[in-house]
Amino acid sequence: MVRPNRKQLSVAKERAILVGLVPPGEDWKEELLNELASLARTAGAVVVDKVPQVRSRIDPAYYIGKGKAAELAQKARAADVDTVIFDNDLSPAQVRNLEQLTQAKVIDRSELILDIFSTHARTRQAKIQVELAQLEYTLPRLRGMWTHLSRFEGGIGTRGPGEQQLEVDRRIASRRINELKKRLKKIERRKVSEVTKRSPELSVSLVGYTNAGKSTLMNALTDAGMLVEDKLFATLDTRTRRWVLPGGKKVLLSDTVGFIRGLPHHLIAAFRATLEEARNADILLHIADLGSRQVLHQVAIVEEVLKNLGCKDVPTILVLNKVDIMADPVDLEILKRKYPENVVISALTGERLEDLRERIIDYLERGWQHFRIFCTPDDGRVLAYLYENGEVLSKSFGNEENEFLVRLHPDYVVGLKRLNGSVRVNEWVPSGPSPSSPRSAEQSG
Ligand SMILES: Nc1nc2c(ncn2[C@@H]2O[C@H](COP(=O)(O)OP(=O)(O)OP(=O)(O)O)[C@@H](O)[C@H]2O)c(=O)[nH]1
Ligand SMILES: [Mg+2]
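Worth saying up front: this structure is predicted, and the values here are computed from it rather than measured.

A tally of regular secondary structure across the protein chain gives 16 helices and 14 strands. Within the protein chain, buried positions represent 50% of all 445 residues. Sequence separation of at least 24 residues holds for 70% of the intrachain contacts in the protein chain that already meet a minimum separation of 6. In the structure as shown, the protein chain presents an accessible area of about 21,500 Å², 49% of it carried by carbon and sulfur atoms.

Overall, mixed pairing links the six strands, which are arranged 6-7-5-8-9-10 in an open sheet. Of all strands in the sheet, those with a lone pairing partner are strand 6 (239-244) and strand 10 (342-344), marking the two edges. When the angles between neighbouring strand axes are averaged without regard to direction, this sheet yields 25°. Against the sheet, helix 12 (residues 329-338) engages strand 9 (316-321) and strand 10, with an angle of about 170° to strand 9.

Right, let's talk about the nonpolar core for a bit. With 48 residues, the main nonpolar core has L39, L112, F117 and F233 as its most contacted residues. Put simply, the parts of the chain that give this core at least two residues each are strand 1 (15-22), helix 1 (29-42), helix 4 (109-120), helix 5 (124-138), helix 9 (265-270), helix 10 (272-279) and helix 11 (295-308). Per-element accounting of this core gives the leading share, six residues, to helix 1. Three or more residues apiece are contributed to this core by two domains, here domain 1 (15-152) and domain 2 (201-364). If near-sequence neighbours (up to four positions away) are discounted, F233 is found in contact with L39, I113, I116, F117, H120, T210, V257, G258, I260 and L263. I283, L285, L383 and Y385 belong to the second-largest nonpolar core, a separate cluster that totals 43 residues.

This brings us to the site of ligand 1. Near ligand 1, the surroundings consist of 23 residues, among which K214, T216, A234, T235 and D324 are the closest. Note that an oxygen atom of ligand 1 is positioned 3.0 Å from one of the side-chain N or O atoms of S346. Within the backbone of A347, an N or O atom sits 3.0 Å from an oxygen atom of ligand 1. When the free accessible area of ligand 1 is taken as 660 Å², the share hidden by the protein chains comes to 92%. Here the shell around ligand 1 gets three residues from one element, more than from any other, and that element is helix 8 (residues 214-221).

A few words on the pattern of salt bridges. Per the counting criterion, the structure on display carries 17 salt bridges. The shortest N-O distance in the salt bridge between K307 and E304 comes to 3.9 Å. Highlighted residues: K307 and E304, both in helix 11, separated by three residues, approximately one helical turn. Overall, K307 belongs to the partly exposed group, its relative accessible area being 45%. Residue E304 is classed as partly exposed on the basis of its relative accessible area of 41%.

Running from N to C, helix 14 (residues 380-389) and helix 15 (residues 411-419) cross one another at 160°; their axes reach a closest spacing of 10 Å. One finds that helix 14 runs roughly antiparallel with respect to helix 15. Relative to helix 15, helix 14 is oriented so that their crossing is right-handed. Two secondary-structure elements touch here, helix 14 through R381, V382, Y385, L386 and N389 and helix 15 through Y412, G415, L416 and L419. Each residue belonging to the contact of helix 14 with helix 15 can be placed in one class, and the counts come to six nonpolar, two polar and one charged.

Confidence in the prediction for the protein chain averages 82 pLDDT; 86% of positions are at 70 or higher. Below a pLDDT of 50 lies the segment residues 146-160, which in the model reaches 13 contacts outside its immediate sequence neighbourhood of four places, other chains included. Note on residues 434-445: pLDDT is under 50 here. Beyond four places in sequence and across chains, it has 15 contacts.

Further remarks concern the sheet that holds strand 2 (residues 46-54). Taking strand neighbours across the sheet as the criterion, the four strands line up as 2-1-3-4 in an open arrangement whose pairing is parallel. Where the open sheet ends on each side, the last strands, each with one partner, are strand 2 and strand 4 (105-107). Sheet twist, expressed as the average angle between the axes of neighbouring strands with direction ignored, equals 20°. As judged from the eight bridges shared by strand 1 and strand 2, these two strands associate in the parallel manner. Along strand 2, the bridge assignment pairs R15 with V46. Packing of helix 4 onto the sheet brings it into contact with strand 3 (83-86) and strand 4, and relative to strand 4 it is tilted by some 90°.

A few words on a negative patch on the surface. On the surface, E354, D355, E358 and D362 cluster together to form a negatively charged patch. Counting through the fold element by element, E354 comes out in helix 13 (residues 353-366). Taking the relative accessible area as the measure of exposure, E354 reaches 43% and is therefore partly exposed.

What follows is about the pairing of strand 13 (residues 402-408). Among the seven residues of strand 13, six are classified as buried, and the element is accordingly described as predominantly covered. Two elements, strand 11 (residues 369-375) and strand 13, share seven bridges in a ladder whose sense is antiparallel. Note on strand 13: the bridge partner recorded for H370 is R407. Taken together, the six bridges between strand 12 (residues 391-397) and strand 13 define a ladder with antiparallel strand orientation. Note on strand 13: the bridge partner recorded for V392 is V406. Counted along the chain from strand 12 to the antiparallel partner strand 13, the turn is four residues long.

The phi angle at N211 is positive, at roughly 75°, despite the residue not being glycine. Mapped onto the elements of the fold, N211 is located in the loop between strand 5 (203-208) and helix 8. Accessibility expressed as a relative area gives 23% for N211, which makes it partly exposed. Phi at R352 is positive, roughly 60°, even though this residue is not glycine. Structurally, R352 is set in the loop between strand 10 and helix 13.

Reading guide: rules and limits
- Starting from 1, residues in each chain are numbered consecutively following that chain's sequence as written.
- Chains carry letters and ligands carry numbers; both start at the beginning, A for chains and 1 for ligands, and go up in the order they are written.
- Totals for whole chains, interfaces and linings use every residue, but because this is a predicted model, local features are given only for residues with pLDDT of at least 70 and side-chain atom pairs only at 80 or more, for both listing and counting.
- Hydrogens and waters are ignored; side-chain quantities use all the structure's heavy atoms.
- Helix numbers and strand numbers start at the N terminus; a helix is a DSSP run of H or I with at least 4 residues, a strand a run of E with at least 2.
- When accessible area is computed with a 1.4 Å probe and restricted to protein chains, residues below 20% of their type maximum are described as buried, those above 50% as exposed, and intermediate ones as partly exposed.
- It only takes one pair of heavy atoms within 4.5 Å for two residues to be counted as in contact.
- Computed by Shrake-Rupley with a 1.4 Å probe, the accessible areas treat only the displayed protein chains as cover when residues are assessed.
- When DSSP finds two or more bridges between two strands, those strands count as paired.
- For helices, the fitted line uses only the C-alpha atoms of the stretch in contact; every axis is such a line through C-alpha atoms, and the angle between N-to-C directions lies from 0 to 180 degrees.
- Take the buried Ala, Val, Leu, Ile, Met, Phe, Trp, Tyr and Cys residues and link them wherever side-chain atoms come within 4.5 Å; each set so joined is a nonpolar core.
- Start and end points for every domain follow an automatic or database-based domain assignment.
- Whether a residue is near a molecule or strand depends on its heavy atoms: it is near if one of them lies within 4 Å of it.
- Identification of polar contacts relies on pairs of N or O atoms within 3.5 Å, with a donor-acceptor requirement for protein atoms, meaning one able to donate a hydrogen and the other able to accept it, and with residues adjacent in sequence counted only if both atoms are side-chain atoms.
- When a carboxyl oxygen of Asp or Glu lies within 4 Å of a side-chain nitrogen of Lys or Arg, that pair is called a salt bridge.
- Any angle from 65 to 115 degrees is called roughly perpendicular, while one under 35 is roughly parallel, one over 145 is roughly antiparallel, and all others are oblique.
- We call a crossing left-handed when the near helix sits turned anticlockwise from the far one by less than a right angle, and right-handed when that turn is clockwise.
- By the convention adopted, Pro, Cys, Tyr, Trp, Phe, Met, Ile, Leu, Val and Ala count as nonpolar, Lys, Arg, Asp and Glu as charged, and the other residues, Gly among them, as polar.
- Scored from 0 to 100, pLDDT reflects the predictor's confidence in each residue.
- Candidate patch residues must exceed 30% relative accessible area and have no salt bridge, after which like charges are joined if within 9 Å and Val, Leu, Ile, Met, Phe, Trp or Tyr side chains if within 5 Å.
- Note that His is not counted, nor are the chain ends; the positive residues are Lys and Arg, and the negative ones are Asp and Glu.
- In this description, the location of a charge corresponds to atom NZ of lysine, CZ of arginine, CG of aspartate or CD of glutamate.

Now the structure itself:
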């Protein structure tokens, strides 16, 4: 396959120096580069040094200023570094200038994240999504990249062919982008039809910052067998499993790709369909990592991404995870106050998972209404369905017809009628005390 000329973005096994710009007065200097270090390690690089730069103004030519860049070049040479990774996004000109000065490969945060995504993508959909995001990120930069490549390929004086090559690259890249978009549409259409074919079961989506413990929780609640790793972006596709709650109620639970500060917007665009799962969910479980000192920042970032994805109106429970390794109890109190809908758990030890289960049951039952259901006596599936999805308050069995009083979410009435077209359903407003508790209804039936 013909691919446009692309700078080798992969940093696997390379020795790297990390650089980040911190506005004066900010106190998260160390933490900022810790996250970049996790990203770099996840990508396979060996971090040899971290250089946070306190500076308020961005230098258009060298980002951190020429003096600082020269110091950086010295450090890079002394430590025999292959790559310099910037925590911020750089312009093509800045990359070029910095590479000339440091004699090392220079990549920015977005490129690093794209690199991780491309090595972690497993499904066809995720692979296409990542390639699309990479091409869209590099297309406007092709000019800068060509100059960069021509330097290594002895391109001085070969300007003519260079320009021509650039045009060819652009055309190949655009054509490939269109092709990938088409393929993606096809996969997405098929997925949509799969989703609409699903039963009326309520869906619960796990969302949250990368490494917060979404997949660990998914495994603890279902037998999903999701890959769990102390690495960023272990999960890149959506996995949905049936989650059986105490009492036998079932919901669909989905695990999906995590969020991070400064997620390249091409990536969000490419992964929109994957993240769509969250928008269509009945309930979101926002998993937060109490083990991180940055948990407040992380929760705010996830909230922001959710808002951009159009999930503002989906009921959300904040799941405060990793209580077994909590970094700061004050953060926990702040979050609990700010988000009254919360539970505190440890997905790893299983601590207080029952609180989460109960909360989901509460949530599911909140929209329940009372119904009087009539059906012919020969269909046992109706009663089984009612037990599975609602609460049966009383039963009376007749020769012609059975009658059940139930509490049920209105969504399930549709499924009931699909099950047996002759079922009649009347809404019922109970007056006075409920006819009987479920237990005594069991006995009376
Ligand atoms: N101590 C502790 N560690 C946890 C807990 N939950 C998850 N972890 C660890 O946190 C790391 C990340 O867990 P994952 O479940 O892969 O996180 P994720 O949110 O799915 O991450 P991505 O898929 O990368 O976005 C793993 O090393 C887990 O073992 C917890 O409750 N306590
Ligand atoms: Mg995961």
